[in-house]
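# Chain and residue survey
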Amino acid sequence: MTDPILKVEALEKRFPIKKGLFRKTVGHVHAVDGISFEIKPGQSLGLVGESGCGKSTAVKSLLRLIEPSGGKIIFNGVDVTHQSLDSLRQLRQDLQIIFQDPYSSLNPRLKISRSVGEPMDVFKTCASREERRERIGSLLEKVGLRPEFADRYPHEFSGGQRQRICIARALALNPKVIIGDEPVSALDVSIQAQVINLMKKLQREFSLSYLIISHDLAVVEHMCDWICVMYLGRFVETAADKEMVKNPLHPYTRALLSSVYEPDPAQEHKRTMLEGDVPSPINPPPGCHFHTRCPHKKKVCTKEAPKLKEIVPDHMVACHLYE
């Protein structure tokens, strides 16, 4: 069995709330509340949930852009949870990220050659200027752009082209894992399909592993082998992509899937509407975090938090309905 390249165990992130003259801690924002997952080489995993559920915070914590409050982050067999920033250089090289907004991801004052080549300069991966320029041109061709685009500025490109440039920059150091933080949500629908297909093509070519964050289950279903549904800092369901779509078990997952538009106008589409808003992560409800909006809640849901249980092979759900 292949060992996972990235493994996260019981990851937590709490932000302190400070008040008063002496900045006394009076509470915490429970952004990520003990999530665990793993990604194997060449595999894609998707984190799905509403805005504010903790997806981006989880990614920033595993990248050590913000320090996690608890749990373990194991990359390529090495526990990097408490490593010094100097020793994290290899992690930074092997674990790259594509951000959501291609307009703010590129410095408008720098030519594309500077933006794509900066990772190579930091890690000194090119022995000469000629090698660096050839590498930048090759990367641009890989993402469907012409090498001469390297001498242009970001404002000369469309949103889809800018995101392709960001993908080229993420590939500059030959990473093993690429994280996509809503990589296509800022693009037109027609361009989204092109970028998704490009990312899947590059995954096969470079044997990449992906961690894709999205609120759109349709995007994650197309890109990922495994899906984790997140609600208020916790996983409520995890399964293989096709299993998740064909047989959603958790009421929250069913509501998310019902929000995906049906392209066939002749197909009857019934949407599940959830009442209320997501509770505050400062004071999450006791028991199951979802019980304040769940149409099937039971008395036990308000008292005990359900744990992820395997209902069918490779399909886990945290819900008292299955006890």
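Anything mentioned here points back to the structure above.
Criteria and thresholds
- Residues numbered from 1 in each chain as written.
- Predicted model: local features only at pLDDT ≥ 70, side-chain atom pairs only at ≥ 80, totals over all residues.
- Heavy atoms only, no water.
- Helix = DSSP H or I, 4+ residues; strand = E, 2+ residues; numbered from the N terminus.
- Buried < 20%, exposed > 50% of the residue type's maximum accessible area, 1.4 Å probe, protein only.
- Axes fitted to C-alpha atoms, helices over the stretch in contact; angles between N-to-C directions.
- Parallel < 35°, antiparallel > 145°, perpendicular 65-115°, else oblique.
- Left-handed = near helix turned anticlockwise from the far one by under 90°.
- Contact = heavy atoms within 4.5 Å.
- Nonpolar A, V, L, I, M, F, W, Y, C, P; charged D, E, K, R; others polar.
- Salt bridge = Lys/Arg side-chain N within 4 Å of Asp/Glu carboxyl O.
- Core = buried A, V, L, I, M, F, W, Y, C linked by side-chain atoms within 4.5 Å.
- Pairing = 2+ DSSP bridges.

To continue, consider the environment of Asp-188. Structurally, Asp-188 is set in the loop between strand S7 (177–181) and helix H6 (189–206). Since its relative accessible area comes to 57%, Asp-188 is described here as exposed. The spacing of Asp-188 and Leu-47 is 141 residues in sequence and 21 Å in space, taken between C-alpha atoms.

Where helix H5 (residues 159–171) contacts H6, the two axes come as close as 10 Å, and the packing angle between them is 20°. Here H5 is positioned roughly parallel relative to H6, judged by the angle of their axes. For the pair H5 and H6, the crossing hand works out as right-handed. Here H5 contributes Gly-160, Gln-163, Arg-164, Ile-167 and Leu-171 to the contact with H6, which in turn contributes Ile-191, Gln-194, Val-195, Leu-198, Met-199, Leu-202 and Phe-206.

It is worth spelling out the packing of helix H3 (residues 112–123) against helix H4 (residues 129–142) at this point. Interhelical geometry of H3 versus H4 gives an angle of 115° and a closest axis separation of 10 Å. With respect to their mutual orientation, H3 and H4 come out roughly perpendicular. Handedness of the crossing formed by H3 with H4: right-handed. Listed contacts from H4 to Ile-112, Ser-113, Arg-114, Val-116, Gly-117, Glu-118, Met-120 and Asp-121 of H3 are Arg-132, Arg-135, Ile-136, Leu-139 and Leu-140. Considered class by class, the residues forming the contact of H3 with H4 number six nonpolar, two polar and five charged.

Enumeration according to the criterion identifies 11 salt bridges in this entry. Where Arg-64 meets Glu-67, a salt bridge forms, and the shortest distance between an N and an O atom there is 2.9 Å. When its relative accessible area of 7% is taken as the criterion, Arg-64 is described as buried. In this structure Glu-67 comes out as partly exposed when scored by relative accessible area, which is 39%. One salt-bridge network, in which partners are shared between bridges, spans Lys-142, Lys-201 and Glu-205.

Core analysis: the largest hydrophobic core is formed by 51 residues, its most contacted members being Leu-140, Val-143, Ile-165, Ile-167, Leu-171 and Met-199. For this core, the element with the most residues is H5, which contributes six residues. Sequence-distant contacts of Leu-140, defined by excluding residues within four places in its chain, comprise Ile-112, Leu-145, Arg-146, Pro-147, Phe-149, Ala-150, Ile-165 and Ala-168. Within the second largest apolar cluster, 30 residues are counted, among which are Ile-35, Leu-45, Val-177 and Phe-235.

This paragraph deals with the sheet that holds S7. Read from one edge of the open sheet, eight strands run S6-S7-S8-S3-S9-S10-S12-S11, paired in mixed fashion. Two strands lie at the open edges of the sheet, namely strand S6 (95–98) and strand S11 (309–312), each paired on one side alone. Averaged over all pairs of adjacent strands, the angle between strand axes in this sheet comes to 20°, irrespective of strand direction. Two elements, S11 and strand S12 (residues 315–317), share three bridges in a ladder whose sense is antiparallel. From the neighbouring strand, Lys-309 faces S12, where its bridge partner is Val-317.

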